[in-house]
Amino acid sequence: AQRAGLGAHAAAGVVRDGVLVPQAARAGGARRDCNGAVLRSCLRFSAAYVLAFAFFLTMELWSLSTVGGAEVMASNVLVAGKRLAGLRVVHYVARQHASASSAAERAALEATLEARIAQVTSAQNSLMFGNAADGTDGFQSDASSDLQAVLMLTDGCAGTWEDATAQANCTTYHHGIMMHGVHAALSSFLEQVRNLASLRDGGLSTAATLASSTGQFVEDMENYYLSAALRESLATYKGDAEDEINLHMRIMAWVVAAYALANILVYAIMYRGMLVRLDEEIKHTRTMLLLVPAEVAHSLPSFRKFVKSTTADEDS
């Protein structure tokens, strides 16, 4: 009778603070507690995925926004290098033309000279005004420094040259032609190269052609002034590209450090507490197992199996 009464009492519910709580209400509360715990756990686990997604999305968008600038930087350096190399080729072909003895040979060299002059002019205009085919955007854009604009337009002697003597004489050479900027000086140089070819075609000897004022101007500009200014311009483009790369690497390091710090905070605030509580719940469950009467434990095979597996996990 006593066991029957206890069974009926257990079926009806339990008494809490003098009030009988029905068994159905207890089950509903337990389900709500379980659902809340599962939801909190899911939110904690989801935080890591959200954090990782935000990190990779930020890196992707940032890379897409900076790749265009990096490509322009590389194109500027490439075209500036072609411009400097083209200047040297023009000077070399002009000397070969002046040294040629036959009219046919000079005609062939003159065609080559015009093609090289066109290449140098194209490279200069591409750097000055931008060219979609070359990938350049013009020296006045954000991809170039202020020194580039000064060199091209107002002072072709600016910067730090390897030949300090040539740089000191640059401002006064040929009535200060370099002080009008590299763009104007390069145009004058190419025009004088054409004039030099005309002098040779007009009947002057090789020595007389090279010794003329036009020949001396071409020699001095390529050997001392214009080539030095173009090297300074190329170095400026390279410096801009290196600064962009260094900025890119610094931002990447900051983003990675922020992501690592966020992961540490997520672990410290969310996961560590959850793991501690989980360990406590496991210990409480194992403690509750000791309160089960022995005859009940032996009469339920599934319960015995569960106790053995739990004990084995604890031993391991």
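Residues numbered from 1 in each chain as written. Predicted model: local features only at pLDDT ≥ 70, side-chain atom pairs only at ≥ 80, totals over all residues. Heavy atoms only, no water.

1. Concerning unusual backbone geometry
At step 1: The backbone of histidine 174 shows a phi angle near 50°, a positive value even though the residue is not glycine.
At step 2: Its location among the elements puts histidine 174 in the loop between α5 (164-170) and α6 (182-201).
At step 3: Phi is positive for histidine 175, close to 60°, though the residue is something other than glycine.
At step 4: Mapped onto the secondary structure, histidine 175 falls in the loop between α5 and α6. (Helix = DSSP H or I, 4+ residues; strand = E, 2+ residues; numbered from the N terminus.)

2. Considerations on the packing of aromatic side chains
The description of an aromatic ring pair rests on the distance of the ring centres and on the angle between the ring planes.
At step 1: Within this structure, the stated rule accounts for three aromatic pairs.
At step 2: Plain terms: the ring middles of tyrosine 173 and phenylalanine 217 are 6.3 Å apart, the flat faces sit at 10° to each other, and that makes the pair stacked. On the criterion of sequence distance, the pair formed by tyrosine 173 in the loop between α5 and α6 and phenylalanine 217 in helix α8 (residues 213-289) is long-range, its members being 44 residues apart. As far as burial versus exposure is concerned, tyrosine 173 and phenylalanine 217 are alike and both buried.
At step 3: Each member of the aromatic cluster is reached from another via a ring pair, and the members are Tyr173, Phe217, Tyr224 and Tyr225. (Phe/Tyr/Trp six-rings, centres within 6.5 Å; stacked < 30°, edge-to-face > 60°. Buried < 20%, exposed > 50% of the residue type's maximum accessible area, 1.4 Å probe, protein only.)

3. Considering the packing of helix α3 (residues 103-129) against α6
At step 1: Where α3 meets α6, the closest approach of the two axes is 11 Å, and the angle between their N-to-C directions is 175°. Taken together, α3 and α6 sit at an angle that is classed as roughly antiparallel. Each of Arg106, Glu110, Leu113, Glu114, Ile117, Val120, Thr121, Gln124, Asn125, Met128 and Phe129 in α3 lies in contact with α6, whose residues at this interface are His183, Leu186, Leu190, Val193, Arg194, Ala197, Arg200 and Asp201.
At step 2: Split by residue class, the contact of α3 with α6 holds nine nonpolar, four polar and six charged. (Axes fitted to C-alpha atoms, helices over the stretch in contact; angles between N-to-C directions. Parallel < 35°, antiparallel > 145°, perpendicular 65-115°, else oblique. Contact = heavy atoms within 4.5 Å. Nonpolar A, V, L, I, M, F, W, Y, C, P; charged D, E, K, R; others polar.)

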